[in-house]
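These are the residues of each chain, in order.
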Amino acid sequence: MLHSLRLSNGLATYCNRYIKTHKYMLERDAGFPIIPNMLSGFYGLLDIFRFLMVMKRIMIGHLDIMKGIGVANTSLAFVSGKLLALCESDLPYIVNLTQQGDIETLGRWDFDKKLLSNMTAHPKVDMETKETFAFSWSFTFPHLTFFRIDEKGVKHNEVPIFSMHKPSLIHDFALTKSFAIFHETQLIFSLAKVLTGRGFNAAHIINPWENGTEEIVFVASNVKTVKDFLFNRKLGIVLGKEKKTRYAYLGVLDETPKTSGLVKIDLETGNEVGRRFYGLGCFGGEPFFVRRNSDEDVECEEDDGFVMTYVHNEHTDETIFLLMDAQSPEFTTIAAVKLPRRVPYGFHGLFLTN
Ligand SMILES: [Fe+2]
């Protein structure tokens, strides 16, 4: 389900709609779940039975796997003029937000049949060239392929990454001026290392940049536990920016997947320079930074803008959209909008201007 809040002329319009994926339409018409969620849908024997039934349906031709078997509930991206709802278990779904504040699913985007299986939920847009870089993941070799989508939305040839010898869950990647960096996590190969906090297991990248020709800075939160892997402490800083950034805004993880507050870290000094907790029984989602001036060409201080999130009060059962001043050390409230429905914790969001 996608939740949206449209802010226009001093009014807020809230909407939620299911993204009409092939899986959703199939199951809505059938009236019961058919395809288990490939990333998080295996909880017991029933799901394994369901998976075996799906395999049987595919083999006898009752289920066309090419129409998609995944969901679109992990993240959003604005790629080549299209708003995409994404999950790495399927292709992107194109979404339209109407002037009235409604959400419409326009369809599954296979880039004129140039992409057959899946695409990352975290593509990176080059703000200068407007190109998008993304990857596909596969159980079979090659396990990773990297590709480029140009400004007009044309997907270019895939580059197979042959150095990845076994499938590893890669959720995000880093992009600098010259490099695309994929970090192989140890969730599959070395579960013990993840459980004990050893190794580098970044689920999300905060930002990378090149320091001259000799050094690449790669800022990411390191995952200590499997729980962290699924919902790690994380950021709202401009993803895929490929420029040096000074500040990171991180949600403070309380009980998975709830964030009890947020902090602002100065990456030059390593110091915490901002902090806010939402209060007793109040938990937020991912904090998201948005510049005050949406024109990227206008010079301004990096943190001149807002941090926004949804906060739910478990005592009163009320959810608010919270807009905070990013430069204030206390993240003072600029605006708060009470919503008619609860927005659940977790997953990603996006802010768009008209
Ligand atoms: Fe993510």
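The name given to the chain in an unreviewed UniProt entry is Nine-cis-epoxycarotenoid dioxygenase 4, and the organism recorded there is Theobroma cacao. Recorded in UniProt under Sequence similarities (unreviewed entry), the annotation for the chain is "Belongs to the carotenoid oxygenase family."

Tell me what's going on with the overall build of the chain, and back it up with residues and numbers.
When helices and strands are counted, the chain shows 4 helices and 22 strands. Counting all 354 residues of the chain, 31% fall into the buried class. Here the contacts in the chain between residues at least 6 apart in sequence split such that 43% fall between residues at least 24 apart.

Break down the confidence of the model for the chain for me, with residues and values.
Confidence in the prediction of the chain, expressed as mean pLDDT, is 86, and 87% of residues score 70 or more. Long-range and interchain partners of residues 231-240, a stretch whose pLDDT sits below 50, account for 43 contacts in this model, where long-range means more than four residues apart.

Give a detailed account of the sheet that holds strand β3 (residues 75-79), specifying residues and quantitative values.
Strand order across the open sheet formed by 4 strands is β3-β4-β5-β6, with antiparallel pairing between neighbours. Of all the strands in the sheet, just β3 and β6 (103-108) have a single pairing partner and so form its edges. Pairs of neighbouring strands in the sheet enclose a mean axial angle of 35 degrees, with direction left out of account. Relative to strand β5 (residues 93-97), strand β4 (residues 82-86) is paired through 3 bridges, and the arrangement is antiparallel. Of the residues in β5, the one forming a bridge with Ala85 is Tyr93.

Tell me about helix α2 (residues 45-59), and name the residues and values.
Between its first and last C-alpha atoms α2 spans 21 Å; for 15 residues at 1.5 Å apiece the expected length is 21 Å, and the two agree. When you tally the buried positions in α2, you get 0 out of 15 residues, a small fraction of the element. The positive-phi residue at the C-terminal boundary of α2 is Gly61, with phi of around 85 degrees.

Talk me through the environment of Glu104; I want residue IDs and the actual numbers.
By the secondary structure assignment, Glu104 is in strand β6. With 10 residues separating them in the primary sequence, Glu104 and Ile94 have C-alpha atoms 8.6 Å apart. Excluding its chain neighbours within four sequence positions, the residues that come into contact with Glu104 are Val95, Asn96 and Thr98.

So, the nonpolar core: which residues are in play, and what are the values?
With 52 residues, the main nonpolar core has Leu84, Ala85, Leu86 and Val307 as its most contacted residues. A total of 5 residues in this core trace back to one element, the largest contributor, which is strand β20 (residues 305-313).

Could you give me a rundown of the environment of Val219, with the residues and numbers involved?
Its location among the elements puts Val219 in strand β14 (residues 215-220). Sequence separation between Val219 and Pro208 is 11 residues, and the spatial gap between their C-alpha atoms is 6.0 Å. The contact partners of Val219, leaving out residues within four places of it in the chain, are Ile206, Asn207, Ala248 and Leu267.

Go over the pairing of strand β2 (residues 11-17), please, and point to the residues and values.
Put simply, side chains in a regular strand alternate between the two faces of the sheet. Both strand β1 (residues 2-8) and β2 contribute to a ladder of 7 bridges, which runs antiparallel. Across the sheet, His3 pairs through a bridge with Asn16, a residue of β2. Linking two consecutive strands that pair antiparallel, namely β1 and β2, is a turn of 2 residues; a positive phi of about 50 degrees is found at Asn9 within it.

So, how was this worked out
- Residues numbered from 1 in each chain as written.
- Predicted model: local features only at pLDDT ≥ 70, side-chain atom pairs only at ≥ 80, totals over all residues.
- UniProt positions renumbered as here; feature names shortened; annotations may be inferred.
- Helix = DSSP H or I, 4+ residues; strand = E, 2+ residues; numbered from the N terminus.
- Buried ≥ 20, exposed ≤ 12 C-beta atoms within 10 Å, placed from the backbone.
- Contact = placed C-beta atoms within 7 Å.
- pLDDT = per-residue confidence, 0-100.
- Pairing = 2+ DSSP bridges.
- Axes fitted to C-alpha atoms, helices over the stretch in contact; angles between N-to-C directions.
- Expected span 1.5 Å × (residues − 1).
- Core = buried A, V, L, I, M, F, W, Y, C linked by C-beta atoms within 7 Å.

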